[in-house]
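Reading the structure
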Amino acid sequence: MAELLDAQSCESWLLEQFHPAGFKCAHCGADVSEARIFRRGQRTRLADYRCKRCARVYNLYSGTIFAHKQMRPQQVVLLLCGIQKDESAATIAHEVGVSWRTVYNLRRKLRTNGSYRMPTNGAAKKNGHGEGA
Ligand SMILES: [Zn+2]
């Protein structure tokens, strides 16, 4: 696992997990080659892409349960490993440096969805209480 934990490797690993069919615009489906990087997230250090076809912005986490989570790729990888090893939310939270509630919510979403992708039809919205991080 240690060799995965530089930012670049984590990003490419997550790319394979989140976008097995290829990294595309989350809005119009244009290939990432039709987008340009116009900034990097301050906390996530993640590239934000501006699609040349639809002019909207997306990143590696778009369309997944990690969208809008201000987590760096290394943190996401650590968290997923912890979940896979069935560690407690408190242990994972400590390792990753996020609140246990964040771990708890993400793990629950992961189990409910059965994948990293968010359901596209919005049907899974039962009680949309905010998740304080
Ligand atoms: Zn687009």
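Residues numbered from 1 in each chain as written. Predicted model: local features only at pLDDT ≥ 70, side-chain atom pairs only at ≥ 80, totals over all residues.

**Some points on the sheet that holds strand E3 (residues 57-58)**
A sheet is described by the order of its strands in space; here 3 strands give the open sequence E1-E2-E3, paired in antiparallel fashion. Two strands in the sheet have a free side with no partner beyond their single neighbour: strand E1 (35-40) and E3. As defined by bridge partners, E1 adjoins strand E2 (residues 47-51) across 5 bridges and the pair is classed as antiparallel. Across the sheet, residue Arg-39 finds its bridge partner in E2, namely Asp-48. (Pairing = 2+ DSSP bridges. Helix = DSSP H or I, 4+ residues; strand = E, 2+ residues; numbered from the N terminus.)

**A short note on the environment of Cys-54**
Inspection of the secondary structure assignment puts Cys-54 in the loop between E2 and E3. On the basis of neighbour counts, which here come to 16 C-beta atoms within 10 Å, the residue Cys-54 falls in the partly exposed class. With 27 residues separating them along the chain, Cys-54 and His-27 place their C-alpha atoms 7.7 Å apart. (Buried ≥ 20, exposed ≤ 12 C-beta atoms within 10 Å, placed from the backbone.)

**What to know about the confidence of the model for the chain**
When the pLDDT values of the chain are averaged, the result is 88; 86% of them are 70 or greater. Taken as a whole, residues 122-133 scores under 50 in pLDDT and shows 8 contacts with residues more than four places along the chain or in a different chain. (pLDDT = per-residue confidence, 0-100. Contact = placed C-beta atoms within 7 Å.)

**What about the environment of His-68?**
Counting through the fold element by element, His-68 comes out in the loop between E3 and helix H2 (73-84). Separated by 24 residues in sequence, His-68 and Thr-44 place their C-alpha atoms 9.9 Å apart.

**A closer look at H2**
If you check H2, its first and last C-alpha atoms are 17 Å apart, about what 12 residues at 1.5 Å a residue would give, namely 16 Å. Taken together, the buried residues of H2 touch helix H1 (7-18), helix H3 (89-96) and helix H4 (100-113). Note on H2: the residue one or two positions beyond its end, Asp-86, has a positive phi of about 60°. (Expected span 1.5 Å × (residues − 1).)

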